[in-house]
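Observations on chain architecture
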Amino acid sequence: MDTPKNKKPARKTGGKGKPGFGSPMSPISKIANAIFILIIVSVLYSVVFSGGSGNEQISISQVASDVNAGLVSKIDVSGDNLTVTYATSSTSTAPAMKDSKKEEGVALTTTLANYKVDPAKLDKVDITIESDTGFTYWFVNLAPFVIPLIVIGIFAWLLMRQMKGAGMQAMTFGQSKARIILPTDKKQRVTFADVAGAKEAKEELAEVVDFLRNPKKFLDIGAKIPKGILLMGAPGTGKTLLARAVAGEAGVAFFSISGSEFVEMFVGVGASRVRDLFKMAKSAAPAIIFIDEIDAVGRIRGGGVGGGNDEREQTLNQILVEMDGFEQNEKVIVMAATNRPDVLDTALLRPGRFDRRVIIDLPDRNDREAILKVHSKEKPFAEDVNLRVIAERTPGFSGADLYSLMNEGAILAAREGRVKVSQFDLIRSIEKVMMGPERKSHILSKKEKEITAYHEAGHALVSSVLPHADPVHKVSIIARGRAGGYTLHLPFEDKRLQSRKEFLDDIAVSLGGYVAEKTVFGDITTGPSNDLSVATALARDMVTKYGMSEKFGPVALEGEGGRAMFGKGVEDKEYSDKVNADIDAEVEKIMNTNMKRAEAVITEHKKALDAIAKRLIETETIEREEFEKILVANGITPKKKEEEK
Ligand code: ADP
Ligand code: ZN
Ligand code: MG
């Protein structure tokens, strides 16, 4: 029973598949077709030309006795096939011809001798032996050798093609596993036009594009160009996309590898991969090396539980060595991406390494609309589609989320047999992307349904009454993803900063479900456990990170990343037991105060709570309009957007 808010799992989008066996008219399938036709033709050939002459088939013993009887004038031998021509009889002018077979691999004369043919009689028969040169003969005899050869040939050719296509993929351990996109590869080319929003980031990177396009201009004037650029931003904000766009705009080769790919089972592999990667990039210069998820290798060294990871350290060292070894005129720029800049080793951030940092924020409303537009290109829309409304309803969505929203919308439309994507499809997809698909099959017992309804009504009511909480857009007791029900409350505007009062109200809202269950049923279920952990974590952050507690005042007790298990955060300190106990006491105080506030709201507006819960049990889902009517009916003024006031 979550109260989801600006929090969704990041979605990864898969790469585009390479043309393979299945794709239409690839060279491979052409060859396969050719072989198939060849086989058909030869089978037809053999049917038509061997033994298909239409003559009567007789046994070899019959032939022997006919020879003895002096009836046979001529025998043609072709392989093991015999064509027996009979002497012209008195009744017909044309000589009768019959077919037969001799024993395989044995001379005709020997065969006939075995059948006790009189040699004197045989002398009178004209025997011609044709050497078998028919296509079938050759095909049958050579096929066992030739066909495997052809198959092996195709296989080898395929393998080579793959290696080229996938960018000289590794055959051995040491070689880099980098994927390469060459500037000539128009299909994979991404430009700044494909990246919506992210204006500042694009401006920063335009300079790099300029350098890669025209290095001489910069080098002549003695300008120093950054060697390393670190892209920082939440998952799915388009870091990989931007890096590719830089290469695409500049028209240079793009080598990409993920930090985790460096780390393999054997120590030393990562370092040699780095060496290899840089060597390849230098020989292809101008080029961009892109190291995705660099935090996988670039975490703070030393310390950590269970000793350091040698492999990681060696890899990181090698990256640093390579970057230091760069000459200015090498025309290779290293870009890296991370969503955990806080855990990066400071050595990476020193001048001459990743000293240029580009921050990519989650898109704001306008950017979201632009991203939706980019991804709506090949989708036919119904007239009612309004991307602006969708953008308004999706604060906290990343570019990747918006991409999957669009995709889900199209899937919904297709599944329901429509040819156009409608606004309703998109709206339903928002919730699907946020919280996973609805689980309608999740049947609640009557009692469970009642508890869930009161629980969600509790969240919704507290959120509507407290002044700094976000307005409710939707309440539902239909299970979704892992949540048993949900209350969708979203801010009207995007927020960059959150205030102490907002945090406190958020905590009270999270506790709303818990309090409602306790007040109405006098008992507590396991339902609110996630609510409690979310609220507690927030309260703890207020105390230790944001300086929002009375006891500690403006002191950051923890770094951005919190107390990391592996590779300690820079500002992390060991707390004394006393400080730990004080923190716990502060957190407890915040939690209790806000539970009291939630209780006050629920007690005061018990009638509204009942009304919401009752309606939820009836219809399972309440949308904003109807929800606000219930509020008004119970004397609560709904929150309004600035422009609606
Ligand atoms: P990251 O590397 O930051 O995790 P990606 O670059 O892999 O994110 O983004 C994933 C997908 O999300 C992209 O392939 C693209 O389809 C979409 N996307 C993300 N940001 C944007 C954007 N600003 N404009 C258009 N599409 C975007
Ligand atoms: Zn809840
Ligand atoms: Mg990425």
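Relevant structure appears above.
Residues numbered from 1 in each chain as written. Chains lettered and ligands numbered in written order. Predicted model: local features only at pLDDT ≥ 70, side-chain atom pairs only at ≥ 80, totals over all residues. Heavy atoms only, no water.

1. Concerning the sheet that holds strand β4 (residues 97-101)
Across the sheet, which stays open at both edges, the 5 strands sit in the order β1-β4-β3-β2-β5 with mixed pairing between neighbours. Each end of this open sheet is capped by a strand with a single partner; those strands are β1 (56-57) and β5 (126-130). Judged from the 2 bridges that link them, β1 and β4 form a sheet pairing that is parallel. Across the sheet, residue Gln57 finds its bridge partner in β4, namely Asp99. Helix α2 (residues 60-68) contacts β2 (72-78), β3 (81-86) and β4 of the sheet and is inclined by roughly 145° relative to β2. (Pairing = 2+ DSSP bridges. Helix = DSSP H or I, 4+ residues; strand = E, 2+ residues; numbered from the N terminus. Contact = heavy atoms within 4.5 Å. Axes fitted to C-alpha atoms, helices over the stretch in contact; angles between N-to-C directions.)

2. Notes on the nonpolar core
Core analysis: the biggest nonpolar cluster contains 46 residues, and Leu461, Val462, Ile507, Ile612 and Phe627 have the highest contact counts within it. Put simply, the parts of the chain that give this core at least two residues each are α17 (446-465), β12 (472-476), α18 (500-521), α19 (529-544), α20 (577-604), α21 (606-619) and α22 (624-633). With 9 residues, the top contributor of residues to this core is α18. Every residue in contact with Val462, bar those within four places of it in the chain, is listed here: Ala508, Val509, Gly512, Ala598, Val601 and Ile602. (Core = buried A, V, L, I, M, F, W, Y, C linked by side-chain atoms within 4.5 Å. Buried < 20%, exposed > 50% of the residue type's maximum accessible area, 1.4 Å probe, protein only.)

3. Side note on the site of ligand 1
Neighbouring residues of ligand 1: 16 residues in total, closest Ala196, Gly236, Lys239, Thr240 and His375. Backbone polar atom of Ala196 to a nitrogen atom of ligand 1: 2.7 Å apart, as the coordinates give it. Contact distances for ligand 1 include 3.3 Å between an oxygen atom and a backbone N or O atom of Ala400. Protein contact buries 85% of the 560 Å² of open area that ligand 1 shows by itself. Residues that form the shell around ligand 1 fall into these classes: 7 nonpolar, 7 polar and 2 charged. Counting residues domain by domain, the shell around ligand 1 receives three or more from each of domain 3 (179-360) and domain 4 (365-435). (Near = heavy atom within 4 Å. Polar contact = N/O pair within 3.5 Å; in protein donor to acceptor, adjacent residues only side chain to side chain. Areas by Shrake-Rupley, 256 points an atom, 1.4 Å probe, with all protein chains shown as cover. Nonpolar A, V, L, I, M, F, W, Y, C, P; charged D, E, K, R; others polar. Domains from an automatic or database assignment.)

4. Here we look at the packing of helix α10 (residues 269-283) against helix α11 (residues 310-324)
Angle between the axes and distance between the axes are the two parameters that describe a pair of packed helices. Viewed as axis vectors pointing N to C, α10 and α11 meet at an angle of 25°, and their least axial separation amounts to 7 Å. It follows from the interaxial angle that α10 and α11 lie roughly parallel. As α10 packs across α11, the resulting crossing turns out to be right-handed. Between α10, through Val269, Gly270, Ala271, Val274, Arg275, Phe278 and Lys282, and α11, the contact on the second element is made entirely by Glu311, Gln314, Thr315, Gln318, Ile319, Glu322 and Met323. Here the contact of α10 with α11 is built from residues that sort into 6 nonpolar, 4 polar and 4 charged. (Parallel < 35°, antiparallel > 145°, perpendicular 65-115°, else oblique. Left-handed = near helix turned anticlockwise from the far one by under 90°.)

5. Here's the deal with the packing of aromatic side chains
The tally for this structure, following the rule as stated, stands at 4 aromatic pairs. Each ring, one from Phe503 and one from Tyr546, has its centre 5.6 Å from the other, and the planes form 20°; the classification is stacked. With a gap of 43 residues between them, Phe503 in helix α18 and Tyr546 in the loop between α19 and α20 connect regions that are remote in the sequence. Taking the ring centre of Tyr86 as reference, the NZ or CZ of Lys98 above it sits at 5.0 Å. (Phe/Tyr/Trp six-rings, centres within 6.5 Å; stacked < 30°, edge-to-face > 60°. Lys NZ or Arg CZ within 6 Å of the ring centre and 35° of its normal.)

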